[in-house]
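Given next are the chains, with one letter for each unit.
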Amino acid sequence: MSPVADPKDNFDGYDLIVVGAGFFGLTIAERSASQLGKRVLVLDRRSHIGGNAYSEPEPETGIEVHRYGAHLFHTSNKRVWDYVNQFTEFTGYQHRVFARVRDQVYSFPMNLALINSFFGRSHSPDEARELIAKQAAEFDTDKARNLEEKAISLIGRPLYEAFIRGYTAKQWQTDPKELGTSVINRLPVRYTFDNRYFNDTYEGLPVDGYTAWLEKMAAHELIEVRLDTDYFDVRGSIPAGTPTVYTGPVDRYFDYAAGELGWRTLDFETEVLPVGDFQGTPVMNYNDEDVPYTRIHEFRHFHPERTNYPADKTVIVREYSRFAESGDEPYYPINTPDDREKLARYRELAKAEAASKNIVFGGRLGTYQYLDMHMAIGSALSVFDNKIAPHLTDGAPLDGSLDG
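Residues numbered from 1 in each chain as written. Predicted model: local features only at pLDDT ≥ 70, side-chain atom pairs only at ≥ 80, totals over all residues. Heavy atoms only, no water.

The protein is annotated in an unreviewed UniProt entry as UDP-galactopyranose mutase of Actinokineospora spheciospongiae. The Function (unreviewed entry) field of the UniProt record for the protein holds the comment "Catalyzes the interconversion through a 2-keto intermediate of uridine diphosphogalactopyranose (UDP-GalP) into uridine diphosphogalactofuranose (UDP-GalF) which is a key building block for cell wall construction in Mycobacterium tuberculosis." Quoted verbatim from the Cofactor (unreviewed entry) field of UniProt, the annotation for the protein is "FAD". (UniProt positions renumbered as here; feature names shortened; annotations may be inferred.)

What follows is the structure, encoded as structure tokens:
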């Protein structure tokens, strides 16, 4: 008797294949199902939905933890805000960060509170501007030869050495004197006491968490999600010509034909502590170079409205930054001149692939660019409008450009 075929091996009858169940992929899937009535199959190699935005309760405490680092939703794009509010309500959370330097804690980003605390006296806005301008005069921004000189030309040496040098060295595992000026475009200083981290019109955290939000996006009856499924293991079984949206690493798709693109990755160290509050705030940056981690997240503070969290335990996550190696989870594109040269080649390959195999590349990994959540969603809405919908409704050719 022949073995019974596993229904998970069947890829017939789908109008669209989406590779990756993160924000970009699920937005495309949801729009295609709800707006066009198309049958969509979403594939993801992980055992959970949501990509890097996935959140889950820590088993011992029940405190919701973002497994791949803290995700803070903010946007000034009303279309994106209106879209996401179909799937979740948001809390009134506003992100604020503090920075620890030599056993002292400062408000961050740089503002009047930080300047006054750091220099030990009160400054008016004009006095603070004059002070920073005087300190920044050491280097001319246009003549800066490296990141260190450029940063000093923007904020002065004292603030640079306290808040930028060590943190940057840890982030890049490189002396800032060896980093190019393009790594840092601007270092904003607020000459007010405003310590809100983001300036966007809309901000908040999903009331029931990111996973609940993403599950609602995928809940349409025309969407099927298959987890623990690597696209490269099954793509030979997908009928030729099936329209596909690919959100995995673009270099992996082409079997690294132009070489591996460079990424930064993150490592996380989670600890449950027998105290009700460890640091009094969601995120504390550790700017000193001799502290190996860049920041500590304390996740209970992201949702102070939740009364079910234990009063005698808390969860902290230390975050470490390093260069990604083969097999690591890619987080931030490095985007060196060599990477840009490789990407140009992958752009050519992507255009050819779209014409021959009906595929669109999108998302952070598929376009090799850093995208916040709202940017990924906004990009997906545009790709749906301009590429996917015209193709699925009128048969328009798919554009394979890596514009995300």
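Student: I'd like to hear about the pattern of salt bridges, residue by residue, with values.
Tutor: Working definition: two side chains of opposite charge can pair if their charged atoms are close together. According to the stated counting rule, one finds 26 salt bridges in the structure shown. For Lys 313, the salt bridge goes to Glu 60, with nearest N and O atoms at 3.0 Å. Of this pair, Lys 313 sits in the loop between strand S13 (295-298) and strand S14 (314-323) while Glu 60 is found in the loop between strand S3 (55-57) and strand S4 (64-66), placing the two residues 253 residues apart along the sequence. Across the salt bridge formed by Arg 322 and Asp 267, the nearest N and O atoms sit 2.5 Å from each other. In this pair, Arg 322 is assigned in strand S14 and Asp 267 in strand S11 (residues 263-273), connecting sequence segments 55 residues apart. (Salt bridge = Lys/Arg side-chain N within 4 Å of Asp/Glu carboxyl O. Helix = DSSP H or I, 4+ residues; strand = E, 2+ residues; numbered from the N terminus.)

Student: Tell me about the packing of aromatic side chains, and please be specific about residues and values.
Tutor: All chains considered together, the criterion is met by 33 aromatic pairs. Through a chain of ring-to-ring contacts, three or more aromatic side chains come together here, namely Phe 23, Phe 73, Trp 81, Phe 90, Tyr 202, Tyr 210 and Trp 213. If you follow Arg 235 out to its NZ or CZ, it ends over the ring of Tyr 253, 5.2 Å from the centre. Above the ring of Tyr 293, the side-chain terminus of Arg 318 is found at 5.9 Å from the ring centroid. (Phe/Tyr/Trp six-rings, centres within 6.5 Å; stacked < 30°, edge-to-face > 60°. Lys NZ or Arg CZ within 6 Å of the ring centre and 35° of its normal.)

Student: Got a sec to walk through unusual backbone geometry? Specific residues and values, please.
Tutor: The step from Phe 108 to Pro 109 runs through a cis peptide bond, and the omega angle for that step is 5°. With respect to the element layout, Pro 109 can be found in the loop between strand S7 (104-108) and helix H3 (112-119). Although it is not a glycine, Asp 103 sits at a positive phi angle of roughly 65°. Here Asp 103 is to be found in the loop between strand S6 (97-101) and S7. A positive phi angle, close to 50°, is found at Gln 173, a residue other than glycine. Assignment of secondary structure puts Gln 173 in the loop between helix H6 (157-172) and strand S8 (202-204). Taking the relative accessible area as the measure of exposure, Gln 173 reaches 44% and is therefore partly exposed. (Buried < 20%, exposed > 50% of the residue type's maximum accessible area, 1.4 Å probe, protein only.)

Student: Give me the lowdown on the sheet that holds strand S2 (residues 40-43), citing residues and values where you can.
Tutor: The pairing of strands in a sheet comes from backbone hydrogen bonds and takes either a parallel or an antiparallel form. Across the sheet, which stays open at both edges, the 5 strands sit in the order S9-S2-S1-S10-S16 with parallel pairing between neighbours. Sheet topology places strand S9 (223-226) and strand S16 (359-361) at the edges, where each strand pairs with a single neighbour. Averaged over all neighbouring strand pairs, the angle between strand axes comes to 20°, with direction disregarded. The pairing of strand S1 (residues 16-19) with strand S10 (residues 244-246) spans 3 bridges and is parallel. (Pairing = 2+ DSSP bridges. Axes fitted to C-alpha atoms, helices over the stretch in contact; angles between N-to-C directions.)

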